[in-house]
Amino acid sequence: GEKVEQHESTLSVREGDSAVINCTYTDTASSYFPWYKQEAGKSLHFVIDIRSNVDRKQSQRLIVLLDKKAKRFSLHITATQPEDSAIYFCAASPYAQGLTFGLGTRVSVFP
Amino acid sequence: GPKVLQIPSHQIIDMGQMVTLNCDPVSNHLYFYWYKQILGQQMEFLVNFYNGKVMEKSKLFKDQFSVERPDGSYFTLKIQPTALEDSAVYFCASSWTGGSQNTLYFGAGTRLSVL
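Residues numbered from 1 in each chain as written. Chains lettered and ligands numbered in written order. Predicted model: local features only at pLDDT ≥ 70, side-chain atom pairs only at ≥ 80, totals over all residues. Heavy atoms only, no water.

**Points about the overall build of chain A**
- Check the secondary structure of chain A and you find zero helices and eleven strands.
- Along chain A, from the amino end to the carboxyl end, the secondary structure elements read β-β-β-β-β-β-β-β-β-β-β.
- What you see for chain A is a C-alpha radius of gyration of 13 Å, in line with the 13 Å of a compact globule of 111 residues.
- Projected onto the principal axes, the alpha-carbon positions of chain A cover approximately 40 × 25 × 20 Å. (Helix = DSSP H or I, 4+ residues; strand = E, 2+ residues; numbered from the N terminus. Rg over C-alpha atoms; globule rule 2.2 N^0.38 Å.)

**Remarks on the overall build of chain B**
- Check the secondary structure of chain B and you find zero helices and eleven strands.
- Its helices and strands in sequence order give chain B the pattern β-β-β-β-β-β-β-β-β-β-β, from N to C terminus.
- By the compact-globule yardstick of 13 Å for 115 residues, chain B fits well, its C-alpha radius of gyration being 13 Å.
- Taken over the C-alpha atoms alone, chain B extends approximately 35 × 25 × 25 Å along its principal axes.
- For chain B, the proportion of its 115 residues judged to be buried stands at 47%.
- Partitioning the contacts of chain B with sequence separation of at least 6, the portion at a separation of at least 24 is 55%.
- Split by element, the accessible area of chain B, about 5700 Å² in all, is 51% carbon and sulfur.
- A gap of 4 Å separates the mean positions of the 9 positive and 9 negative side-chain charges of chain B. (Buried < 20%, exposed > 50% of the residue type's maximum accessible area, 1.4 Å probe, protein only. Contact = heavy atoms within 4.5 Å. Areas by Shrake-Rupley, 256 points an atom, 1.4 Å probe, with all protein chains shown as cover. Lys, Arg positive; Asp, Glu negative; His and termini not counted. Charge placed at Lys NZ, Arg CZ, Asp CG, Glu CD.)

**Quick notes on the interface of chain A and chain B**
- Counting residues at the interface gives 21 residues for chain A and 18 residues for chain B.
- Where chain A abuts chain B, roughly 1600 Å² becomes buried across the two surfaces, and 54% of that area is made up of carbon and sulfur atoms.
- When the area that chain A buries against chain B is broken down by residue, the three leading residues are A:Leu44, A:Phe101 and A:Leu103, summing to 28%.
- Along the contact surface separating chain A from chain B lie zero salt bridges.
- Counting the contacts that link chain A with chain B gives five residue pairs in polar contact (both at pLDDT 80 or more).
- Of all elements in the fold, only β4 (30–38), β5 (45–51) and β9 (86–94) of chain A reach the threshold of two or more residues within the side of chain A that touches chain B.
- It is β4(A) that contributes the most residues to the side of chain A that touches chain B, four residues altogether.
- Its residues placed into classes, the side of chain A that touches chain B shows twelve nonpolar, seven polar and two charged. (Buried area = accessible area lost by both parts, 1.4 Å probe. Salt bridge = Lys/Arg side-chain N within 4 Å of Asp/Glu carboxyl O. Polar contact = N/O pair within 3.5 Å; in protein donor to acceptor, adjacent residues only side chain to side chain. Nonpolar A, V, L, I, M, F, W, Y, C, P; charged D, E, K, R; others polar.)

**Looking at the state of the cysteines**
- Following the criterion strictly, the structure yields two disulfides over all chains and no others.
- Paired through a disulfide, A:Cys23 and A:Cys90 show a sulfur-sulfur distance of 2.0 Å. On the S-S bond that ties A:Cys23 to A:Cys90, the torsion sits near -100°, and the link is left-handed. A residue pair is termed long-range when its members are at least 10 positions apart, and A:Cys23 in strand β3 (residues 19–25) and A:Cys90 in strand β9 qualify at 67 residues. Both residues of the pair, A:Cys23 and A:Cys90, count as buried.
- For B:Cys23, the disulfide goes to B:Cys92, at an S-S distance of 1.8 Å. Around the S-S axis, the bridge from B:Cys23 to B:Cys92 shows a dihedral of about -65° and counts as left-handed. Of this pair, B:Cys23 sits in strand β3 (residues 19–24) while B:Cys92 is found in strand β9 (residues 88–95), placing the two residues 69 residues apart along the sequence.
- You can call B:Cys92 buried: its relative accessible area is 0%. (Disulfide = S-S within 2.5 Å.)

Structure (structure tokens):
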């Protein structure tokens, strides 16, 4: 089955800088890659996704990149703000199968 | 935004007993999911459910596990009997459409401790 590795377990960034979280996957059949955010004491909250028919997607300050050859995808949080502090999870899924999640990256934005 | 509620937030139970975890999904959603996360490990897919039936399940979904949503009420995960290795946080999720290429809305999880 699919395996997802999330390379950074923690990330500290200065407010205003960019944070980058990298994930790799193993199953070439995976075609859907969502990202979720979990703030302290709250549930996972969908933030952005990318499908395999594109290699870049942007939503406001979030950019996701997908490199299918390398089986790698990444989340870029630009112009970070304190409210970006949270745990971020990447996930991958072949069509019509359950999502496989990474272990999560704890992002801390400091002033 | 849409909310998925999970009740209770923490459940402590003796090994061998039965436990039911309850999930109140987003009101117009049709697809329901359970995920399991053991402390320090990845969140893993257990099962998804649509139109009264299990659509797919992983190898983690043991014979002791069952899911149902009687009459549009709570979507439940029942474990009978429980084992020590069932201790984990169980996350419920729901989505409007099926296939895993759709946005899932998650609950905050139920922490199950089997003693």
